[in-house]
Amino acid sequence: DFVEVMACPAGCIGGGGQPRSTDKQILGKRQQAMYAIDERLTIRRPHDNPFIQRLYSKWLGEPLSHKAHDMLHTHFVAGGPENEKGAE
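As the structure is a computational prediction, the values presented were derived from the model and not from experiment.

Caption draft 1: Just the overall build of the protein chain, in detail. Assigned secondary structure in the protein chain consists of three helices and zero strands. The order of helices and strands in the protein chain, counted from the N terminus, is α-α-α. By the burial criterion, 10% of the 88 residues in the protein chain qualify as buried. Counted over contacts in the protein chain with a minimum sequence separation of 6, partners at least 24 positions apart contribute 9%.

Pasting the structure below:
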């Protein structure tokens, strides 16, 4: 299994793995829907999630550990329609 976690401005509402759209209204509606879903969740903070706690205790050690950094951190690579070949 693979889990992608991203921390983009506006929560990657129009970013990696999401349907692409240049229509700002669609992105705004998607963002509002995600915030509404989040507000109804019982567990809203990752460090309160028992699955995340178990991940660290059994596999990653502790937050900011070398293993956690190696396994969870990545680097930003510019993408999107404006960066594709042939885009003007």
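After presenting the structure, the write-up continues.
Caption draft 2: Structural context of the pattern of salt bridges. What the rule picks out here adds up to two salt bridges. Taking the shortest distance from any N to any O, the salt bridge between Asp 38 and Arg 44 comes out at 2.8 Å. With relative accessibility at 24%, the residue Asp 38 sits in the partly exposed group. The salt bridge involving Arg 45 is made with Asp 48; its shortest N-O contact spans 2.8 Å. Classification of Asp 48 as partly exposed rests on a relative accessible area of 35%.

Caption draft 3: The arrangement of unusual backbone geometry in detail. Look at Leu 64: it is not a glycine, yet its phi comes out positive at around 75°. Counting through the fold element by element, Leu 64 comes out in the loop between α2 (50-60) and α3 (66-72). Residue class for Leu 64 comes out exposed when judged on its relative accessible area of 81%.

Caption draft 4: Geometry of a nonpolar patch on the surface. On the surface, a cluster of nonpolar side chains totalling about 270 Å² of accessible area is made up of Met 34, Ile 37 and Leu 41. Assignment of secondary structure puts Ile 37 in helix α1 (residues 24-40).

Caption draft 5: Here's a closer look at the side chain of Ser 65. By the element assignment, Ser 65 lies in the loop between α2 and α3. Within polar-contact distance, the side chain of Ser 65 engages the backbone nitrogen of Ala 68 at 3.1 Å.

Caption draft 6: Layout of α1. An ideal rise of 1.5 Å per residue puts 24 Å on 17 residues; α1 measures up with 25 Å between its terminal C-alpha atoms. For α1, the N-terminal capping position is held by Asp 23, with its side-chain oxygen 2.9 Å away from the main-chain nitrogen of Gln 25.

The rules we used
- Residues numbered from 1 in each chain as written.
- Predicted model: local features only at pLDDT ≥ 70, side-chain atom pairs only at ≥ 80, totals over all residues.
- Heavy atoms only, no water.
- Helix = DSSP H or I, 4+ residues; strand = E, 2+ residues; numbered from the N terminus.
- Buried < 20%, exposed > 50% of the residue type's maximum accessible area, 1.4 Å probe, protein only.
- Contact = heavy atoms within 4.5 Å.
- Salt bridge = Lys/Arg side-chain N within 4 Å of Asp/Glu carboxyl O.
- Patch = residues over 30% accessible without salt bridge, like charges linked within 9 Å, V, L, I, M, F, W, Y side chains within 5 Å.
- Areas by Shrake-Rupley, 256 points an atom, 1.4 Å probe, with all protein chains shown as cover.
- Polar contact = N/O pair within 3.5 Å; in protein donor to acceptor, adjacent residues only side chain to side chain.
- Expected span 1.5 Å × (residues − 1).

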